[in-house]
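Examination of the molecular architecture
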Amino acid sequence: MAFLSGPRQVGKTTLLQSLPEKLYFNWDDPADRRIFLTGADALAKNFDLDRMRAGKPLIAFDEIHKYARWKNTLKGFFDKYGTRAKIAVTGSAKLDFYKRSGDSLRGRYLNYRVHPLSIGELEGAPLKDHFLRAPKKISGDTLAQLLQFGGFPEPFLKASSRFHRQWSRLQRDQILREELRDLAAVREISQPDALGTFLAEQAAGVVNYSSLAKMLQASVDSIRRWSELLE
């Protein structure tokens, strides 16, 4: 299987939806969710794998990591039907986080991290047969746009300061109130939120956990744990 992890809004779902002849499955769709909860055989029946003889269809599972037991269901499906299909799975922080923990799927997938747009991608430089390429000059306007709006596709393409501010606030709110809460059951968000502000101001500097602990009136262990979760 191919696991596509990476931050919210970086383009994982768009990437999957752009692939030809795929079977798209989204946990946020109530109908898809019911099928996933029923188990591996129900998934195979939904994708009609028994009738498919020519080639292997690509099955794209999106956001299934929101289900607490997603790994067990996916493992059962892969072990029973993995030879009949190609499987891709996407997810944001939670998928990346659990990938590093005790993993019942180990040996069954390759992980790929999707990053925001880079200069190389914006200039359309092909990889061809190797990864090393001669330097290519980027236009001043494109570089300025990348520095101002960042490499996340939507704000970069819109190139609007107003939209970028709105998008950034929503992104921050989602990370703190959804990702952080789901990852570690953090109930009080105000202190990790303040820590995120302090860490942003200290970018490229030395992080002093003791100093941050005094400012936020928290233990050094808490500061260290929140920092790892924010990362």
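The sections below set out a description of the structure shown in this document.

Reading guide: rules and limits
- What you see as residue numbers is a count from 1 along each chain, following the sequence as written.
- The predicted origin of the model limits local features to residues at a pLDDT of at least 70 and limits the giving and counting of side-chain atom pairs to 80 or more, whereas totals for whole chains, interfaces and linings rest on all residues.
- Here the side-chain values reflect all heavy atoms present in the structure, with hydrogen atoms and water set aside.
- Think of it this way: any DSSP run of H or I at least four residues long counts as a helix, any run of E at least two long counts as a strand, and we number them from the N terminus.
- Three exposure classes are used, based on accessible area relative to the maximum for each residue type with a 1.4 Å probe and protein chains only: buried under 20%, partly exposed in between, and exposed over 50%.
- In this analysis, two residues are considered to be in contact whenever any of their non-hydrogen atoms come within 4.5 Å of each other.
- Working definition of accessibility: Shrake-Rupley area with a 1.4 Å probe, residue cover restricted to the visible protein chains.
- Our arc is simply the arc of the directions from the helix axis toward the C-beta atoms.
- Within 3.5 Å is the distance limit for a polar contact, defined as a pair of N or O atoms, with the added protein rule that one can donate a hydrogen and the other accept it, and that residues adjacent in sequence qualify only through two side-chain atoms.
- In this scheme, strands are said to pair when DSSP sees at least two bridges between them.
- Looking down the strands as they point away from you, a crossover is right-handed if its path from the first strand over the helix to the second goes clockwise.
- By convention a nonpolar core is built from buried Ala, Val, Leu, Ile, Met, Phe, Trp, Tyr and Cys residues, the set being connected through side-chain atoms within 4.5 Å.
- Every axis corresponds to a line fitted to the C-alpha atoms, with the helix fit spanning only the stretch in contact, and the corresponding angles, defined between N-to-C directions, vary from 0 to 180 degrees.
- Each Phe, Tyr or Trp ring, with Trp reduced to its six-membered ring, pairs with another whose centre is within 6.5 Å; inter-plane angles below 30 degrees give stacked pairs, above 60 give edge-to-face pairs, and intermediate values give tilted ones.
- Whether a charge sits over a ring depends on NZ of Lys or CZ of Arg being within 6 Å of the ring centre and within 35 degrees of the ring normal.

Along the chain, the regular secondary structure elements total twelve helices and five strands. By the burial criterion, 35% of the 231 residues in the chain qualify as buried. The long-range fraction of contacts in the chain, counting pairs at least 24 apart against all pairs at least 6 apart in sequence, stands at 66%. A total accessible area of about 14,500 Å² is found for the chain, and carbon and sulfur atoms account for 52% of it.

Time to look at helix α2 (residues 30-38). Every buried residue belonging to α2 is among Asp32, Ile35 and Phe36, and all of these are buried. Viewed end-on, α2 has its buried residues packed into an arc of 100 degrees, placing them on one side of the element. What points out from α2, more than 90 degrees from its buried face, is the exposed set Arg34 and Thr38. Residues of α2 that are buried sit in contact with β2 (22-26), α3 (40-47), β3 (58-62) and α4 (70-81). The N-capping residue of α2, defined by a side-chain oxygen 2.9 Å from the backbone nitrogen of Ala31, is Asp29. Within two residues after α2, Gly39 carries a phi angle of roughly 125 degrees, on the positive side.

Here we come to the pairing of strand β4 (residues 86-91). Along β4, five of the six residues are buried, which leaves the element largely enclosed by surrounding structure. As paired strands, strand β1 (residues 2-5) and β4 are joined by four bridges and run parallel to one another. Bridge assignment links Phe3 to a residue of β4, and that residue is Val89. You can see the chain leave β3, run along α4 and come back into β4, and the turn it takes is right-handed.

Turning our eyes to something else, we now look at the nonpolar core. Most often, soluble globular proteins keep nonpolar side chains buried together rather than apart. One finds Phe61, Ile64, Leu74 and Phe77 to be the most contacted residues of the largest nonpolar core, which totals 23 residues. Only α2, α3, β3, α4 and β4 provide two or more residues apiece to this core. When residues no more than four places from it in sequence are discounted, the contact partners of Phe77 are Ala40, Leu43, Ala44, Phe47, Leu49, Ile59, Phe61, Gly82 and Ile87. Counting nine residues, the second largest nonpolar core, distinct from the first, contains Val10, Leu58, Phe152 and Trp167.

Taking strand neighbours across the sheet as the criterion, the five strands line up as β2-β3-β4-β1-β5 in an open arrangement whose pairing is parallel. For this open sheet the edge positions go to β2 and β5 (110-113), each flanked by a neighbour on one side alone. Shown here is a sheet whose adjacent strand axes are inclined to one another by a mean of 20 degrees, direction ignored. Where β1 meets β5, four bridges bridge the pair, whose relative direction is parallel. When the sheet's bridge partners are listed, Phe3 is paired in β5 with Asn111. Those strands touched by α4 are β1, β3 and β4, and its axis lies near 170 degrees from that of β4.

With that out of the way, let us pick up the packing of aromatic side chains. A full pass over the atoms with the stated rule returns 14 aromatic pairs. Each residue in the set Phe25, Trp27, Phe36, Phe47, Phe61, Tyr67, Phe77 and Tyr81 is aromatic and connected to the rest through ring pairs, giving one cluster. Its guanidinium or amino end placed over the ring of Phe163, Lys158 lies 5.1 Å from that ring's centre, counting from NZ or CZ. One Lys or Arg, Arg224, reaches over the ring of Tyr209 and ends 4.3 Å from the middle of that ring.

With that out of the way, let us pick up unusual backbone geometry. Positive phi values are uncommon outside glycine, yet Gln9 reaches one of about 65 degrees. At Glu63, a residue that is not glycine, the phi angle is positive and equals roughly 65 degrees. Within the secondary structure, Glu63 is located in the loop between β3 and α4.

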